[in-house]
Amino acid sequence: MSAVPPLDSSATPVSLVEAGAFFDGLAAEAGLLVAVSGGPDSVALLSLLADWAKAPGRPPLHAATVDHGLRPEAAAEAEKVGELCARHGVPHATLRWTGPKPASRIQDAARRARYDLLAAEAERCGCTVIVTAHTLDDQAETLLMRLAHGSGPAGLTGMQPRTRRGSVDIARPLLGVGKSRLIATAEARGLPFIHDPSNADPRFERVRWRTLAPLLAEQGLDAGRLGLLAARLARQDEALSRRVIEVLAERLLPPLIAGEARLAFGLLAEEPEEIVLRVLARALDDVAPASENYGRLERLESCGAAFLAAQRAGGRLQRTLSGCILTLDRTGVLTLRREGPRRRGVHPATS
């Protein structure tokens, strides 16, 4: 396994006491599947988790490496990870992404395939949680990428410490830890690790943001600041989400046919615009869950503004958005129902 860039001499390894605090929320799980790519972050996570899991009553630990089939060295690297897992007494599996690969957005496709494979492996070995080594640096990059893509406050909460995927959870216990500290941990423990060349390939958006990180840090916008912003936005998002649940329950009307949603939009329009948009988004997802949210906020804002204007004018309006047809009648009732095939985006009514 080859080396990564020089270690930040100011970074301190993660201690077992710290790791215990990070992993405390995992103690009651039936089993843990740690995702190990072979990089310094994931091998440090593996080693810390393996030591932590030795205590009585801790859940059994399994490990898996995904070979995406994109680099000829990946198979040998997965074997090395297997050897490292054996040293730690952790069962290991190599999961292979087979079949044709897309010509564009390869990293997005690889990420989806990776989590699908990991989720299936977790179910196979009785693990309820997949544990990943996402760091504070990963969080900062995610925030910048989403900001550039036009995400709103909800998207700028970044990655969450725990999310659901199918029948398993994904836990990110090191989300508040800088990458340099995990490199230091791997070095201090004498762990071999790889340097994936794709992590320095400027063709990939995340890599381009990574190269800008030192310049941003010089202006005070370092990973810590961005991580703090994500945490603050997550706190606000939680409060708004609770209010949205209350408002939706108050403004939801009985459906006239199965599969539709009806809102008392005249009353909903009295709420702040952010609440109106979030209630619409939740109602849309209830009728037709979105498979792709890229660019959705701009369309939602445009659609929401049009309905608010129509409500003030006492008029009727119809739009399509995110797989739904939305119809506002002159009594102030907004009906959402699933649209037919091959219609996406926001479109004026044809009738």
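Residues numbered from 1 in each chain as written. Predicted model: local features only at pLDDT ≥ 70, side-chain atom pairs only at ≥ 80, totals over all residues. Heavy atoms only, no water.

Put simply, helix α10 (residues 273-287) and helix α11 (residues 296-313) touch, their axes get as near as 10 Å, and they point 110° apart. With respect to each other, α10 and α11 are oriented roughly perpendicular. α10 and α11 meet at a crossing whose hand is right-handed. Contact residues: α10 offers E273, V276, L277, L280, A281, L284 and D285, while α11 offers R296, L300, E301, G304 and L308. Along the lines of polarity and charge, the residues of the contact of α10 with α11 split into seven nonpolar, one polar and four charged. (Axes fitted to C-alpha atoms, helices over the stretch in contact; angles between N-to-C directions. Helix = DSSP H or I, 4+ residues; strand = E, 2+ residues; numbered from the N terminus. Parallel < 35°, antiparallel > 145°, perpendicular 65-115°, else oblique. Left-handed = near helix turned anticlockwise from the far one by under 90°. Contact = heavy atoms within 4.5 Å. Nonpolar A, V, L, I, M, F, W, Y, C, P; charged D, E, K, R; others polar.)

Between helix α2 (residues 40-52) and helix α6 (residues 179-188), the shortest axis-to-axis distance is 8 Å and the interhelical angle comes to 60°. On the basis of the axis angle, α2 is oblique to α6. The element α2 and its partner α6 pack so that their crossing is left-handed. Contacts from P40, D41, V43, A44 and L48 of α2 reach α6 at K179, L182, I183, T185 and A186. Its residues placed into classes, the contact of α2 with α6 shows seven nonpolar, one polar and two charged.

A complete count under the given rule lists two aromatic pairs for this structure. Arranged with centres 6.2 Å apart and planes meeting at 65°, the rings of F265 and F307 form a pair that is edge-to-face. Placement of F265 in helix α9 (residues 265-268) and of F307 in helix α11 is noted, with a sequence separation of 42 residues between them. By relative accessible area, F265 is classed as buried at 0%. Here F307 falls in the buried class, since its relative accessible area comes to 0%. Over the face of the ring belonging to W97 we find K101, whose NZ or CZ atom lies 4.9 Å from the ring centre. When the ring centre of Y115 is taken as reference, the NZ or CZ atom of R114 above it lies at 5.8 Å. (Phe/Tyr/Trp six-rings, centres within 6.5 Å; stacked < 30°, edge-to-face > 60°. Buried < 20%, exposed > 50% of the residue type's maximum accessible area, 1.4 Å probe, protein only. Lys NZ or Arg CZ within 6 Å of the ring centre and 35° of its normal.)

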